[in-house]
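Observations on chain architecture
One-letter residues, chain by chain:
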Amino acid sequence: MPVPSVPDRSPCAASGHPSFHYRGGELYCEDVAVAALVARFGSPLYAYSAAAITDRYATVRSAFGADAHVCYAVKANSNLSLLRHLDALGAGFDLVSGGELARLQAAGISAGQAVFAGVAKEPWEIEAALAAGIMLFNVESPHEIELLAAAGRARGVRVPVALRLNPDVDANTHAHLTTARKDVKFGVDLARAGTVVERITSDPYLQLRGYHVHLGSQLRAIEPWLAAFDRVAAFMAADPRRREGVQWYDLGGGFGIAYGQGEPLDVGALAAQLLPRIVAHGLRPIVEPGRYLIGDAGMLVTAVSGRKVGGATAFLLVDAAMNDLLRPALYQAEHPMAPVRATDAASEIVDVVGPVCETGDFLARKRALPALQRGDLLAVFGAGAYGSAMASNYNTRPRPGEVLVDGERVRLIRRRQRLEQLWEDEQEPA
Ligand code: LLP
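Remember, predicted model here, so these are calculated numbers, not experimental data. (Residues numbered from 1 in each chain as written. Predicted model: local features only at pLDDT ≥ 70, side-chain atom pairs only at ≥ 80, totals over all residues. Heavy atoms only, no water.)

Another point: the packing of helix α8 (residues 223-237) against helix α9 (residues 267-280). The contact between α8 and α9 brings their axes to 10 Å, and the two run at 5 degrees. One element, α8, and the other, α9, form an angle in the roughly parallel class. Contact residues: Trp225, Leu226, Phe229 and Asp230 in α8; Leu270, Gln273, Leu274, Arg277 and Ile278 in α9. For the contact of α8 with α9, the per-class residue count stands at six nonpolar, one polar and two charged. (Axes fitted to C-alpha atoms, helices over the stretch in contact; angles between N-to-C directions. Helix = DSSP H or I, 4+ residues; strand = E, 2+ residues; numbered from the N terminus. Parallel < 35°, antiparallel > 145°, perpendicular 65-115°, else oblique. Contact = heavy atoms within 4.5 Å. Nonpolar A, V, L, I, M, F, W, Y, C, P; charged D, E, K, R; others polar.)

Structure (structure tokens):
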């Protein structure tokens, strides 16, 4: 019997997950050559690894245990096929808009395992979520409580709510990504929360089921979660009414990934340190990771258009831009990159820029990369979360296609937009 040849697999140091690796010098996503994906679906292209999502979900699930409710934060990437994959794994969902709820329903997923957050939900969103049998509303603004109570009264039901608290804890992350400091719009600060709890618990159409804290995004340290829980525990202990019927502690999302530098958040260590405190208070945890589940599972592949030099700066011009992946321009985020075909070319320092007419249109600045030429493909890693989800049509650029790879199987989960789609809602009525 011939021995099947085992392809040489070598890790791709830049990528955040072994689903992305080299075989014979070619970058693969699971069992599919990335160059073959681009040949079939064009460039730029988002490609996701189903195995990587499964893997990350298993890490979170095993860290927090069977008693935890793991909700995928849909905002990170709301593609219907990815939602279905997470649903099949057993995930619940964290929603922030009626639009996300409608997506969940379009994917054929029940809202019974979903929590609905957001700083100012509108009555139509509350109605839709109640009709869908939402598990929990995370409320965080006083007027929402009035809207929820009115909706409960109209339907004759008790609306399950968790109160989002703002414990004023520094998440040590980018200023745009910190959400539980004083003077940000999120949550109710602890000094004001007592009155809000009294309002909720005195209403026959509301039931206080939990507390919610989301500290921010891309956290790598555990201490902020511990500090936040301790403050919430002290808040609960101050008045027995604050604990009546309360079952959940929703510690939010924000689990950080490595983006090629340092270590991701140690989710096992977070659970090991935080869970005993939650359990000691007779509560069950909800977690809402988005980035951690999907970030490293996705890459953006882009083709090199050309090269140029301006002043002392060498530019690598690529066909993806800030409209496809906004994070570098918006947060100065650094996404690791690697050539799709491994090369011995000497490394050079370049700004990787797209064709959009803005100086802020860059995917990387002062990045060491092997010298690439027109037609070469470049992989941008860590792009699964807040990549496609934040993409736009700026410069009348159609959004890229997206594929989900599962072993050797490839599914187109979002067609590349056609140009005509970009103005179809602008036609004057005949
Ligand atoms: N729960 C709540 C209430 C949130 O506001 C968020 C994110 C999450 C969960 C999920 O956070 P994650 O686990 O994905 O970090 N566009 C930014 C991230 C904004 C996150 C907003 N809220 C970025 O590209 O880094």
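That was the structure; now back to the text.
All right, on to the pattern of salt bridges then. A complete count under the given rule lists 19 salt bridges for this structure. Arg9 is the salt-bridge partner of Asp31, the closest N and O atoms lying 3.6 Å from each other. Of this pair, Asp31 sits in the loop between β3 (26-29) and β4 (32-33) while Arg9 sits in strand β1 (residues 9-11); the two residues are 22 residues apart in sequence, bridging distant segments of the chain. Residue class for Asp31 comes out partly exposed when judged on its relative accessible area of 32%. With a closest N to O distance of 2.8 Å, Arg56 and Asp296 form a salt bridge. Of the two residues, Arg56 sits in helix α2 (residues 50-64) while Asp296 sits in the loop between α10 (291-294) and β15 (298-310), which places them 240 residues apart along the sequence. (Salt bridge = Lys/Arg side-chain N within 4 Å of Asp/Glu carboxyl O. Buried < 20%, exposed > 50% of the residue type's maximum accessible area, 1.4 Å probe, protein only.)

With antiparallel pairing, the four strands of this open sheet are ordered in space as β1-β2-β3-β4. Every other strand in the sheet has two partners, leaving β1 and β4 as the edge strands with one partner each. Where β1 meets strand β2 (residues 20-23), three bridges bridge the pair, whose relative direction is antiparallel. Across the sheet, the residue bridging to Pro11 is His21, located in β2. (Pairing = 2+ DSSP bridges.)

Here we take up the site of the ligand. The environment of the ligand is formed by 20 residues, the closest being Ser217, Glu288, Arg327, Tyr331 and Tyr386. A distance of 3.2 Å separates a nitrogen atom of the ligand from a polar atom in the side chain of Asp94. Within the side chain of Ser217, a nitrogen or oxygen atom sits 2.3 Å from an oxygen atom of the ligand. Summarising the interface, the protein chains cover 91% of the accessible area of the ligand, which totals 580 Å² for the free molecule. (Near = heavy atom within 4 Å. Polar contact = N/O pair within 3.5 Å; in protein donor to acceptor, adjacent residues only side chain to side chain. Areas by Shrake-Rupley, 256 points an atom, 1.4 Å probe, with all protein chains shown as cover.)

A separate point is the domain arrangement of the protein chain. Interface extent is often summarised as the accessible area lost during association of the parts. Taken domain by domain, the protein chain consists of domain 1 (9-42 + 297-423) and domain 2 (50-294). Using only C-alpha atoms to locate each centre, domain 1 and domain 2 end up separated by 32 Å. Listed as interface residues are 26 residues of domain 1 and, on the opposing side, 21 residues of domain 2. Between domain 1 and domain 2, the buried area comes to about 2,000 Å², and carbon and sulfur atoms account for 54% of it. Of all residues in domain 1, Ala297, Tyr331 and Tyr386 bury the most surface against domain 2, accounting for 26% of the area lost on that side. On inspection of domain 1 and its partner domain 2, the count reaches zero salt bridges. Counting only elements with at least two residues in the side of domain 1 that touches domain 2, the list comes to α11 (327-331), β21 (401-406) and β22 (409-414). (Domains from an automatic or database assignment. Buried area = accessible area lost by both parts, 1.4 Å probe.)

As a further point, take the nonpolar core. Counting residues in hydrophobic clusters, the biggest one holds 104 residues, and the most contacted among them are Phe64, Phe137, Leu163 and Tyr211. With eight residues, α8 is the single largest residue contributor to this core. Each of domain 1 (9-42 + 297-423) and domain 2 (50-294) accounts for three or more of the residues forming this core. Ignoring sequence-local partners within four residues, the contact set of Tyr211 consists of Ala162, Leu163, Leu165, Val197, Val232, Phe235, Met236, Arg242, Val246, Trp248, Tyr249 and Asp250. Membership of the second largest hydrophobic core comes to 24 residues, among which are Leu27, Val34, Phe41 and Val405. (Core = buried A, V, L, I, M, F, W, Y, C linked by side-chain atoms within 4.5 Å.)

Glancing now at a negative patch on the surface. Residues Glu420, Glu424, Asp425 and Glu426 make up a contiguous surface patch of negative charge. Examined against the element boundaries, Glu420 turns out to sit in the segment after β22. (Patch = residues over 30% accessible without salt bridge, like charges linked within 9 Å, V, L, I, M, F, W, Y side chains within 5 Å. Lys, Arg positive; Asp, Glu negative; His and termini not counted. Charge placed at Lys NZ, Arg CZ, Asp CG, Glu CD.)

Another point: the environment of Phe255. Inspection of the secondary structure puts Phe255 in the loop between β13 (248-250) and α9. Relative accessible area serves as the criterion here: at 1%, Phe255 is assigned to the buried category.

Looking now at the layout of surface pockets. In this structure, the largest pocket occupies an estimated 610 Å³ of space. Lining the largest pocket are 27 residues, and of these Lys75, Phe186, His214, Ser217 and Tyr386 sit closest to its centre. When residues are assigned to domains, the lining of the largest pocket turns out to be shared by domain 1 (9-42 + 297-423) and domain 2 (50-294), each giving three or more. Lining the second largest pocket are 17 residues; nearest its centre among them are Ser78, Asn79, Leu80, Arg103 and Arg414. Secondary-structure elements contributing two or more residues to the lining of the second largest pocket are α3 (80-89), α4 (98-106) and β22. Tallied by class, residues from the lining of the second largest pocket come to five nonpolar, five polar and seven charged. (1 Å grid on protein atoms, 1.4 Å probe; cavity = no way out; pocket = protein on both sides within 12 Å on 5 of 7 lines; lining within 4 Å. Points joined across faces, edges and corners; volume = space filled by probe spheres on them.)

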